[in-house]
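Now for the letters of each chain:
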Amino acid sequence: MMKLRRNKKIKLHREGVGLLAGTFVLFFFVVAYLYAFVENKLAFYIVTPIALILFLLEVNFFRSPLRKYGQDTAKKIVAPADGKIVAVEEVYEPEVLKCNCIQISVFMSVFNVHANWYPVDGFVRLVRHHQGRFMAAYLPKSSVENERSTVVIETECGRMILARQIAGAVAKRIITYAKEGEECYIDEHMGFIKFGSRVDVYVPLDSTVKVEIGQVVTGNQTLLAELS
């Protein structure tokens, strides 16, 4: 499959632009009011650094580093998100694939990049949103009980890969860009989960897993597994 790469240099994810602008305006007017109209400047000196720290944390949530995998992507399954591997196990996927697979789960903390990338090159065959709960995303049951968005991708060699964005106790907004019938590539964003959560990837049983539990991975960079 010929790869048509999109060379868009993204520093701040589009999902955060409006929220960041609103937060900046709010903090600016609060600090300006304290400086101009409150005689005791102690409040100004306390609130200003707090507002700055909170704003920088919000910027950190929505950063979107420019990344290219830069290697041959044939039969490669690449990490869809930054975070820590919390599961590598054989499971039965009951909702879509309805077969045994290897589940590889990446847990994102609030300090990780929140953009999600496609784990493989291929064609999007299914996009489905599931309503559910918002319990902690690191719990095993969150894969099938939490609110989630499922994307099934058929690779060029005909293998089906399932990527699932999962909401958590804090992350309650899942955004999925994938559209059924479209081509997709490893270097492209599949979606975004606001304020951290988890992404599961289900791969065929005969795949060669390249990561282990506890390993820290980088989205669009770390090789999770190879198809046989």
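Residues numbered from 1 in each chain as written. Predicted model: local features only at pLDDT ≥ 70, side-chain atom pairs only at ≥ 80, totals over all residues. Heavy atoms only, no water.

Under the annotation held in an unreviewed UniProt entry, the chain carries the name Phosphatidylserine decarboxylase proenzyme and is attributed to Porphyromonas canoris. Under the Pathway (unreviewed entry) heading, UniProt states for the chain: "Phospholipid metabolism; phosphatidylethanolamine biosynthesis; phosphatidylethanolamine from CDP-diacylglycerol: step 2/2." For the record of the chain, the UniProt heading Subcellular location (unreviewed entry) holds the text "Cell membrane". (UniProt positions renumbered as here; feature names shortened; annotations may be inferred.)

Q: Tell me what's going on with the sheet that holds strand 1 (residues 76-78), and back it up with residues and numbers.
A: A sheet is described by the order of its strands in space; here three strands give the open sequence 1-14-12, paired in antiparallel fashion. Looking at strand neighbours, the two that pair on one side only are strand 1 and strand 12 (208-209), the edges of this open sheet. (Pairing = 2+ DSSP bridges. Helix = DSSP H or I, 4+ residues; strand = E, 2+ residues; numbered from the N terminus.)

Q: Give me the pairing of strand 2 (residues 83-93): which residues, what numbers.
A: Summarising the sheet, strand 2 and strand 13 (residues 216-217) pair through two bridges and their orientation is antiparallel. Residue pairing across strands places glycine 83 opposite valine 217, the latter belonging to strand 13. Bridging between strand 2 and strand 3 (residues 99-107) involves nine bridges; their strand directions are antiparallel. Note that in strand 3 the partner of valine 91 across the bridge is cysteine 101. Once strand 2 ends, the chain turns through five residues before running back antiparallel as strand 3, passing lysine 98 with a positive phi of about 55°.

Q: Explain helix 2 (residues 42-61) to me, using residue names and the numbers behind them.
A: Compared with an ideal rise of 1.5 Å per residue, which puts 20 residues at 28 Å, helix 2 spans 29 Å between its outermost C-alpha atoms and is within 8% of the ideal. Of all the positions in helix 2, only Phe44, Ala51, Phe55, Glu58 and Phe61 are classed as buried. The buried residues of helix 2 occupy an angular sector of 110° when the element is viewed end-on, so they sit on one face. Those residues of helix 2 that are exposed and angled more than 90 degrees off the buried face are Leu42, Tyr45 and Ile53. (Expected span 1.5 Å × (residues − 1). Buried < 20%, exposed > 50% of the residue type's maximum accessible area, 1.4 Å probe, protein only. Arc of directions from axis to C-beta.)

Q: So what's going on with the UniProt feature "modified residue: Pyruvic acid (Ser)" (unreviewed entry) in the chain? Which residues, and what values?
A: Following the UniProt record, one finds the feature "modified residue: Pyruvic acid (Ser)" (unreviewed entry) at Ser197. Its relative accessible area of 2% is what places serine 197 among the buried residues.

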